Amino acid sequence: MMANTNLQFKTNYAVSSKIEPFYKGGKVQISKDEKYIFCTCGSRVNVLEISTGKIVHCVEHDDQEDITSFAVSCDDELLVTASRALLLKQWDWRQGTCTRSWKAIHTIPVASMTFDPSSTLLATGGCDATIKVWDVVKQYCTHNLKGSSGVVHLVQFHPDISRLQLFSSSVDCGIRLWDLRSSQCVCILESHYSAVTSLSFSKDGDTMVSSGRDKICTVWDLKSRQAKRTVPVYESVEGVVLLPEKTDLSQIGVKSKHLHFVTAGSKGVLRVWEASTARCVYTQSLPSTLTPSSEEDKEDDNPRSLTYLFHLPASSRLATVTAEHNILFYQLPSLTTQQQFVGYNDEVLDVKFLGKDDSHIVVATNSCQLKVFQLLTNSCQILYGHTDTVLTLDVFKKGSLFASCAKDRSVRVWQLDSDSGQVRCVAQGSSHTNAVGSIGCSRMKASFVVTGSQDCTVKVWDLPAEFSGEEIHQLSPRSTEKAHDKDVNSVSVSPNDKLLASGSQDRTAKLWSLSGDGNLGLLGVFRGHRRGIWSVCFSPVDQILASSSADGTTKLWGLQDFSCLKTFEGHDASVLKVIFVSRGTQLLTSGSDGLVKLWTIKTNECVKTLDAHQDKVWGLHGSRKDDKMVTGSADSNITVWLDVTKVELAEEQAKQEDQLLKQQELSNLLHEKKYLKALGLAISLDQPHTVLTVIKAIRQVEGSSDLLETTLLRLRVDQKESLLRYCVVWNTNARNCLDAQAVLQVLLTHLPPEELLQFQGARTHLEGLIPYTERHMERIGRLQQASMFLNYMWQKMRVAGASSGMEQDDDMDTTPLTQTQPLFFLDKEKARGGTDEREDQGDDGDREQEEESSFEVKDEEEAEEISASKKASANDAREKKGETNGCRQSESEESSEEEEEEEEEDHVMQVMQNPPISSAPRLQILS
C-alpha cells in the first residue's frame with residue numbers, strides 16, 4: 001500500500017451543524033408579525049425563525065407530558081400550552097420561562113384553544129365536550145360553556161371583538177355560535193356531514209366560509225345565520241382562506257369582484273373558488289415529475305395532502321402544512337413556491353454532499369420524495385418523482401448530477417442548477433423486477449450508472465452526453481448480469497471506471513470488469529465475511545477494496561489475488577457503511593450501533609469513535625475537499641462534521657499570518673510616531689513584550705513624560721486594564737522596572753482608586769507589585785551608597801594629586817557630602833589607619849615619591865573598603881528583604897537578581913579603577 005508521509009492524518013471530527021426534527025404533527029401557528037412558526041414536537045413547542053430556518057426558542061413541560069394544544073396571542077406576547085396532565089401553562093416564549101400555570105378544570109385533555117383579538121380572553125375546547133373561557137389578565141375562568149357533543153376540536157372567536165361571539169365545532173358536525181354576554185349557544189349552523197376543519201371570516205365580519213372533510217365548503221351569512229351557498233370541492237378540505245378584496249389576483253383566476261376563497265386538502269394542491277358561482281377558477285399545477293392523479297382510492301394516503309392553510313397578509317403569502325410535516329410558503333399572486341421547511345425526516349436512509357463547494361446535501365428518507373437542503377439556510381427543496389421509498393443515492397464527480405433508486409424498481413438522474421439552486425429530474429429508467437437497493441455513478445465523467453437490486457442482478461445504464469430541454473430522458477440498460485444469489489446491497493465503481501465491485505446479502509463481494517462493449521466480466525470473488533455485506537468501496541489511490549458486513553467487521557481486500565489484507569473490528573453490530581478518507585490512508589465506518597469510527601489503515605487502529613446518533617447510521621459521505629463529512633441516521637437526525645485537524649491547522653496558519661501583518665503594521669506606526677495607535681495595536685496582540693517595546697519607544701522621545709501620560713490616558717478602559725496586568729510582569733525584571741514604574745505612575749496618579757479596583761484582578765496585580773518594588777528600591781539604595789563612595793574618593797584623589805601652584809578653592813568641589821551615618825563611620829575608621837601609615841614614613845623624603853606612595857596606598861585601601869562595605873550592605877539588604885517580603889523567591893529568581901547586582905557592582909569597580917575626567921554624574925533614581 002502507498003504511504004504518504006507528508007499527509008496529515010485525521011484525529012477527530014467536530015459537529016458543524018445539525019438538521020433535527022422540529023415538527024411531528026399536531027397544531028401549527030404563525031405569529032402575527034409573520035416572523036416565527038410555532039409547532040408541537042412531543043412535549044415541546046418549537047419556535048422556528050422563518051428567515052433562517054433555525055429553531056430559536058423552545059418551551060417544554062417539566063413533566064415531559066405531550067402537549068395536546070397551544071395558542072399564541074394576537075399580539076405575539078403570550079404562549080399558552082395544554083398537556084395531558086390537565087395543566088395550562090403561560091409562557092414568556094422569548095425567554096423560555098413559564099410565568100404561570102393552573103389547572104385546566106377540564107376532566108380530560110384540552111383538544112383546541114385560541115385567543116380573542118384583544119389577547120385578553122383564551123378559549124379552550126376539551127375532549128370532555130365543554131368549553132372554558134379564561135381571562136388571562138385577571139387570571140380566572142369567565143365562562144363554562146356546555147352543550148357540545150364529544151370532543152370540541154375547533155374553537156374560534158369572531159374577529160370583531162365588540163360582538164363577543166365564539167364559534168365551536170365538535171363531533172356532531174354542527175357549528176355552534178356562543179354569545180359570551182349571556183353564556184348561551186344562540187344557534188347551531190348545520191350544513192356539514194363530517195368534521196368541520198376550519199373557518200374564515202370576511203373583512204366586514206358578516207360572511208363566513210367553513211370547510212369540512214365531507215368535501216364541501218359552505219358560505220354563511222352571519223346576519224341571518226343561514227347558509228348562502230354550498231360549494232362542492234370534491235376533496236377532503238382541511239383549510240380554507242378568504243382572499244383579500246381589492247387586490248389584483250388575476251394570475252390565479254380572480255377576475256371579478258365577487259368573494260373568492262382558497263382551499264387546501266387531500267389532493268395536495270391549492271384551488272381558488274368563486275363563492276357566488278361555486279366555480280373553481282384556478283388549480284395549482286403539480287410538479288412535472290408527478291403523473292396525473294388517478295388516485296381517488298389513495299387520497300387518504302397521499303403524502304402531499306395538506307393539513308393546514310394560513311394567509312399572511314403583511315407579506316402577501318399563503319402557508320401550508322403537508323401530511324409529511326413539511327411547511328411550504330407560496331407568494332401571491334402567482335402562488336410560486338418561496339420557502340420549504342421539513343419538520344420531520346423520518347428514518348434517514350442515505351445522505352450525500354451536493355453542489356459547488358458542497359453547499360447542499362441530498363437526503364433519502366423513509367419516503368418516496370428526496371429532500372435537498374441548502375446548508376446555509378436549512379431551506380429545503382422537495383423532489384417528487386419516485387412513487388415508493390427511495391433507498392440510496394450516489395453523486396457524480398462534479399457534484400451537480402446525482403442518481404437515486406427506489407423500491408418502485410426505478411432509477412432517476414437529477415441535475416442541480418448552479419445558478420438558481422433548483423433541482424430537476426433529467427433521466428429515468430425502469431427495468432429491474434424488484435426493489436433497487438444500490439446505485440453507483442461513474443467516477444471519471446457522467447457517462448453511466450450501475451444499479452444492484454433485490455432481483456439479484458446488476459445493471460449498467462448509459463447516460464446521454466448532455467441533458468438539454470425540459471423533457472426527461474428515458475434510460476435503458478446496456479448490460480444486465482445475474483450477480484449474486486441474494487439481494488445486491490452495494491455497488492461501487494473504481495476511480496478509473498474500469499472495474500465494478502458488488503456486495504451482497506449472500507456474504508460475498510465480487511469484482512467485475514467494465515469493458516467498452518458494455519459487457520460485465522467476473523474477475524473474482526471475495527470470501528471471508530460471516531454475514532451479509534452492506535457496503536463496498538474502492539480505495540482512491542491503491543488497488544484495494546473495502547467491505548463492511550453485518551458480522552461487525554470491515555475488511556480490506558487486494559484486487560490482485562482477492563486475499564484479505566486487514567480486518568477491523570470494533571463495532572458491536574452491523575457495519576453499514578465504509579468510505580476512504582485522507583487519500584486512502586484512513587477509513588470511516590458507521591454502524592447500526594449509532595457509532596462512527598475513524599481508522600488508520602497502517603496501524604490498524606481506531607483513532608476516534610464518534611457517538612453520532614441514537615440509531616442506525618445508514619448515511620455516511622465525505623466531502624470532495626476531504627474536510628468534512630455528513631451522517632444520516634434512523635433517529636431522523638442529519639449531522640455535518642468538520643475535520644478538526646484541518647480546521648486547527650487552518651486557524652493556526654491564519655493566526656500566524658495575522659500576527660505577521662500586525663507586527664508589520666506596528667513597525668510602520670512606530671516609524672511614523674503614531675504612538676497611540678501603535679500601543680492599541682500592541683495591546684490587541686496580547687503580547688506584553690511587544691507592548692513594552694512601544695513603551696520604551698515612547699520614553700526615548702524628548703518630553704517623554706508628557707507624551708507617555710497623554711498616550712496612556714487616551715486608552716480605553718479595557719486597554720488600561722491590560723497595561724496594569726503587563727506592568728506586573730515587567731516589574732519582576734530589573735531591566736524593565738523603570739518602564740513599569742513610569743506606566744504605574746501615570747495610572748496611579750490619574751485614575752481614582754474606585755476605577756482601578758473595578759479592573760479585573762486589580763487587587764491581585766497591585767499586591768504582586770509590592771515585593772518587587774521594594775526589592776528595586778533596596779537595590780537603588782545600594783547603588784546610591786556606592787555612588788557616594790565614588791564621589792568622595794574622587795574628591796580626595798583630586799586633592800592628593802593637585803599641583804602646588806593650583807588653588808584648592810579653584811579646582812576642588814567643596815560641596816559637603818551627604819552620607820548616611822553608617823557610611824560615615826566606616827570611612828572615618830579606614831581613613832585614620834591610612835593617616836597613621838603616612839606619618840610613620842617621615843617628612844624627609846622626596847615630595848613626589850611621598851605623593852605617589854600615598855596615592856597607591858590610598859587606592860588599595862579604598863578598594864578594600866568599598867568591597868568590604870558592599871558585602872556588608874548586601875548581607876544587610878538580604879536580611880532586610882527577608883523580613884519585609886515575608887515570602888520565598890525561587891532559586892532562579894534569586895540567582896538572576898544576584899547576577900544583576902554583581903554586574904552593577906563590577907560596573908562601579910570599573911568606574912573606580914578608571915575614574916572619569918569630570919565629576920561623577922548622579923544616578924537617576926525612582927521618585
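Remember, it's a predicted structure, so these values are computed and weren't measured experimentally. Going along each chain's sequence as written, the residues are numbered from 1 onward. Side-chain atom pairs in this predicted model are given and counted only at pLDDT of 80 or more, local residue features only at pLDDT of at least 70, and totals for whole chains, interfaces and linings cover all residues. Derived side-chain values reflect all non-hydrogen atoms in the structure, with water molecules and hydrogen atoms excluded from consideration.

Student: What am I meant to see in the overall build of the protein here?
Tutor: On a plain count of helices and strands, the protein comes out with twelve helices and 57 strands. Looking at the 927 residues of the protein, the share that counts as buried comes to 50%. Here the analysis covers contacts within the protein between residues at least 6 apart in sequence; of these, 47% occur between residues at least 24 apart. When the accessible surface of the protein is totalled, it reaches about 45200 Å², and 47% of it is carbon and sulfur. For the purposes of this entry, the term helix denotes a DSSP run of H or I that reaches at least four residues, the term strand denotes a run of E that reaches at least two, and both are numbered from the N terminus. Burial status follows relative accessibility: with a 1.4 Å probe on protein chains alone, a residue under 20% of its type maximum counts as buried, one over 50% as exposed, and anything between as partly exposed. For this analysis, residues touch if any pair of their heavy atoms sits within 4.5 Å. All accessible-area figures derive from a Shrake-Rupley calculation using a 1.4 Å probe, and residue coverage is judged against the displayed protein chains alone.

Student: Mind showing me how you'd approach helix 3 (residues 688–699) here?
Tutor: Side chains three or four residues apart in an α-helix point the same way, a direct result of the helix having 3.6 residues per turn. To estimate how far a helix should extend, the number of its residues minus one is multiplied by 1.5 Å. Between its first and last C-alpha, helix 3 extends 16 Å over twelve residues, near the 16 Å set by a 1.5 Å rise per residue. Regarding helix 3, the residues found buried are Thr690, Val691, Leu692, Val694, Ile695, Ala697 and Ile698.

Student: Just checking my understanding: could you explain unusual backbone geometry for this structure?
Tutor: Phi is mostly negative for residues that are not glycine, and the peptide bonds are mostly trans. In the segment running from Leu332 into Pro333, the intervening peptide bond is cis, with an omega of 10°. Along the polypeptide, Pro333 turns up in the loop between strand 28 (326–331) and strand 29 (336–342). Not every positive phi belongs to a glycine, and Leu164 is a case in point at roughly 50°. For Leu164, the location among the structural elements is in the loop between strand 14 (154–157) and strand 15 (165–169). Judged by its relative accessible area of 28%, Leu164 is partly exposed. Here the phi dihedral of Ser582 falls at roughly 55°; this positive angle occurs in a residue that is not glycine. Looking at the element boundaries, Ser582 is found in the loop between strand 51 (575–581) and strand 52 (586–591).

Student: Honestly, the sheet that holds strand 22 (residues 237–242) in this entry has me stumped. Any pointers?
Tutor: Strand pairing in a sheet relies on backbone hydrogen bonds, with the paired strands running either antiparallel or parallel. Pairing is antiparallel in the open sheet, where four strands are placed in the order 22-23-24-25. Only two strands of the sheet have a single partner each, and these edge strands are strand 22 and strand 25 (279–283). Going across the sheet, the axis of each strand differs from the next one's by a mean of 30°, ignoring polarity. At least two DSSP bridges between two strands are required for those strands to pair. Two elements, strand 24 (residues 270–274) and strand 25, share four bridges in a ladder whose sense is antiparallel. Counted as the bridge partner of Arg271 is Thr283 from strand 25. Axis definition: a line fit to C-alpha positions, over the contact stretch in the case of helices; interaxial angles, taken between N-to-C directions, run 0 to 180 degrees.

Student: Is there a simple way to think about the pattern of salt bridges in this case?
Tutor: We define a salt bridge as a side-chain nitrogen of Lys or Arg found within 4 Å of a carboxyl oxygen belonging to Asp or Glu. Scanning all chains against the criterion turns up 23 salt bridges. Of the charged contacts, one joins Arg163 and Asp160 as a salt bridge, the two residues approaching to 3.5 Å between their closest N and O atoms. Classification of Asp160 by relative accessible area gives partly exposed; the value is 30%. Here Asp206 ties to Lys223 by a salt bridge, and the two come within 3.6 Å at their closest N and O atoms. Linking Asp206 in the loop between strand 18 (196–201) and strand 19 (207–212) with Lys223 in the loop between strand 20 (216–221) and strand 21 (226–232), this pair joins segments that are 17 residues apart in sequence.

Student: Can you help me understand the nonpolar core in this one?
Tutor: What tends to happen in soluble globular proteins is that the nonpolar side chains get buried as a cluster. The term nonpolar core refers to a set of buried residues drawn from Ala, Val, Leu, Ile, Met, Phe, Trp, Tyr and Cys, joined through side-chain atoms within 4.5 Å. Grouped together as the largest cluster of nonpolar side chains are 34 residues, with contacts concentrated most on Leu679, Val691, Ile695, Leu712, Leu723, Trp730 and Val743. At the level of elements, helix 1 (644–671), helix 2 (675–685), helix 3, helix 4 (704–713), helix 5 (717–730), helix 6 (737–750) and helix 8 (762–800) are the ones that each hand at least two residues to this core. When neighbours within four sequence positions are excluded, Ile695 is seen to be in contact with Leu679, Leu708, Leu712, Trp730, Asp739 and Val743. Counting 17 residues, the second-largest nonpolar core is a separate cluster that includes Val241, Val254, Val262 and Leu318.

Student: What should I look at first to understand the packing of aromatic side chains in this one?
Tutor: Given two aromatic rings, their pairing is described by the distance between the two centres and the angle made by the two planes. Two rings belonging to Phe, Tyr or Trp (six-membered ring only in the last case) form a pair when the distance between their centres is within 6.5 Å. Interplanar angles under 30 degrees mark stacking, angles over 60 mark edge-to-face geometry, and anything in between is tilted. Scanning all chains against the criterion turns up twelve aromatic pairs. Members of the aromatic cluster, joined through ring pairs, are Tyr36, Phe38 and Trp93. Comment: the charge-over-ring label is applied if NZ (Lys) or CZ (Arg) is within 6 Å of the ring centre and within 35 degrees of the ring normal. Just above the ring of Tyr384 sits the side chain of Arg304; from NZ or CZ to the centre is 4.5 Å.

Student: How do you make sense of the packing of helix 5 against helix 6 when you look at a structure like this?
Tutor: For any two helices packed against each other, one specifies the crossing angle of their axes together with the interaxial distance. Viewed as axis vectors pointing N to C, helix 5 and helix 6 meet at an angle of 145°, and their least axial separation amounts to 9 Å. Crossing angle aside, the handedness with which helix 5 passes helix 6 is left-handed. Where helix 5 approaches helix 6, its residues Lys720, Leu723, Leu724, Cys727 and Trp730 are matched on the opposing element by Cys737, Ala740, Val743, Leu744 and Leu747. Of the residues assigned to the contact of helix 5 with helix 6, the class counts are nine nonpolar, no polar and one charged. In this scheme the crossing of two helices becomes right-handed for a clockwise turn of the near helix relative to the far one and left-handed for an anticlockwise turn of less than a right angle. Polar here means any residue outside two lists: the nonpolar Ala, Val, Leu, Ile, Met, Phe, Trp, Tyr, Cys and Pro, and the charged Asp, Glu, Lys and Arg; Gly therefore counts as polar.

Student: When you look at the pairing of strand 17 (residues 184–189) in this model, what are you seeing that I'm missing?
Tutor: As paired strands, strand 16 (residues 175–179) and strand 17 are joined by five bridges and run antiparallel to one another. For Trp178, the partnering residue across the bridge sits in strand 17 and is Cys185. Linking strand 16 to strand 17, which pair antiparallel, is a turn of four residues; within it Ser183 sits at a positive phi near 60°.

Student: Quick question: what am I supposed to make of the sheet that holds strand 16 here?
Tutor: One open sheet holds the four strands; their spatial order is 14-15-16-17, and the pairing between them is antiparallel. The open sheet has two edge strands, strand 14 and strand 17, and neither has a second partner. Averaged over all pairs of adjacent strands, the angle between strand axes in this sheet comes to 25°, irrespective of strand direction. Sheet topology note: the strand 15/strand 16 ladder contains five bridges and is antiparallel. Each bridged residue has a counterpart across the sheet, and for Ser168 the counterpart in strand 16 is Arg176.

Student: I tried to follow helix 2 on my own but got confused; where do I start?
Tutor: Most of helix 2 is tucked away, with eight of its eleven residues classed as buried. Of all the positions in helix 2, only Tyr675, Ala678, Leu679, Gly680, Leu681, Ala682, Ile683 and Leu685 are classed as buried. Just downstream of helix 2 lies Asp686, where phi reads positive at about 60°.

Student: I'm lost on the packing of helix 4 against helix 6 in this one. Help?
Tutor: Following both chains from N to C, one finds helix 4 and helix 6 inclined at 60°, their axes separated by 10 Å at the closest point. With respect to helix 6, the element helix 4 is oriented oblique. Here helix 4 and helix 6 pass one another in a crossing that is right-handed. Taking contact as the criterion, the partners of Leu708, Glu709, Leu712 and Leu713 in helix 4 are, on helix 6, Ala742, Val743, Val746 and His750. Small angles under 35 degrees read as roughly parallel and large ones over 145 as roughly antiparallel, with 65 to 115 read as roughly perpendicular and the rest as oblique.

Student: It is not clear to me how the pairing of strand 36 (residues 410–416) should be interpreted in this structure. Could you clarify?
Tutor: Each regular strand shows side chains that alternate between the opposite faces of the sheet. In terms of burial, strand 36 is a largely internal element, six of the seven residues being buried. In the sheet, strand 35 (residues 401–406) pairs with strand 36 via five bridges, with the strands oriented antiparallel. Note on strand 36: the bridge partner recorded for Ser404 is Arg412. Counted along the chain from strand 35 to the antiparallel partner strand 36, the turn is three residues long, and its residue Arg409 has a positive phi close to 70°.

Student: I tried to follow the environment of Thr710 on my own but got confused; where do I start?
Tutor: Residue position: Thr710 is located in helix 4. In this structure Thr710 comes out as partly exposed when scored by relative accessible area, which is 45%. In this structure the C-alpha to C-alpha distance between Thr710 and Val746, which are 36 residues apart in sequence, comes to 9.2 Å.

Student: Before we go on, may I ask you to explain a negative patch on the surface in this structure?
Tutor: Residues enter patches when they are more than 30% accessible in relative terms and free of salt bridges; like-charged ones are connected within 9 Å and nonpolar ones (Val, Leu, Ile, Met, Phe, Trp, Tyr) within 5 Å. Counted charges follow a simple rule, with Lys and Arg positive, Asp and Glu negative, and His plus the chain ends left uncounted. Taken as the charge location is NZ of Lys, CZ of Arg, CG of Asp or CD of Glu. Together, Asp62, Asp63, Glu65 and Asp66 line one region of the surface with negative charge. Within the fold, Asp62 resides in the loop between strand 5 (55–60) and strand 6 (67–72). With a relative accessible area of 69%, Asp62 lands in the exposed category.

Student: When you look at the confidence of the model for the protein in this model, what are you seeing that I'm missing?
Tutor: Detailed reading of the predicted model is not advised wherever pLDDT is low. With 83% of its residues at a pLDDT of 70 or more, the protein has an overall mean of 83. This stretch, residues 1–5, has a pLDDT under 50; its non-local contacts, to residues over four places away or in other chains, come to seven contacts. A residue's pLDDT is the confidence the predictor assigns to it, expressed on a 0 to 100 scale. Contacts from residues 907–927, a stretch scored under 50 in pLDDT, to residues over four places away or in other chains number 23 contacts.

Student: What should I look at first to understand the environment of Gln284 in this one?
Tutor: Tracing the backbone through its elements, the reader meets Gln284 in the loop between strand 25 and strand 26 (306–312). Among the residues examined, Gln284 registers a relative accessible area of 10% and is labelled buried. C-alpha of Gln284 to C-alpha of Leu335: the two residues are 51 residues apart in sequence and 7.8 Å apart in space. Other than its neighbours up to four places away in sequence, Gln284 contacts Gly268, Val269, Leu270, Tyr330 and Leu335.

Student: Explanation requested: the side chain of Ser547 in the structure shown.
Tutor: Among the structural elements, Ser547 can be located in strand 48 (residues 544–549). One polar contact links Ser547 to His529, side chain to side chain, over a distance of 2.7 Å. Contact partners of Ser547, with chain neighbours within four places excluded, come to His529, Ile533, Ser535, Val536, Thr553, Thr554, Lys555, Trp557 and Val578. Polar contact criterion, stated in full: a pair of N or O atoms within 3.5 Å, where within protein one must be able to donate a hydrogen and the other to accept it, and residues adjacent in sequence count only if both atoms are side-chain atoms.

Student: Honestly, the side chain of Arg176 in this entry has me stumped. Any pointers?
Tutor: With respect to the element layout, Arg176 can be found in strand 16. Polar contacts involving the side chain of Arg176 include one to the main-chain carbonyl oxygen of Gly147, which spans 3.2 Å.

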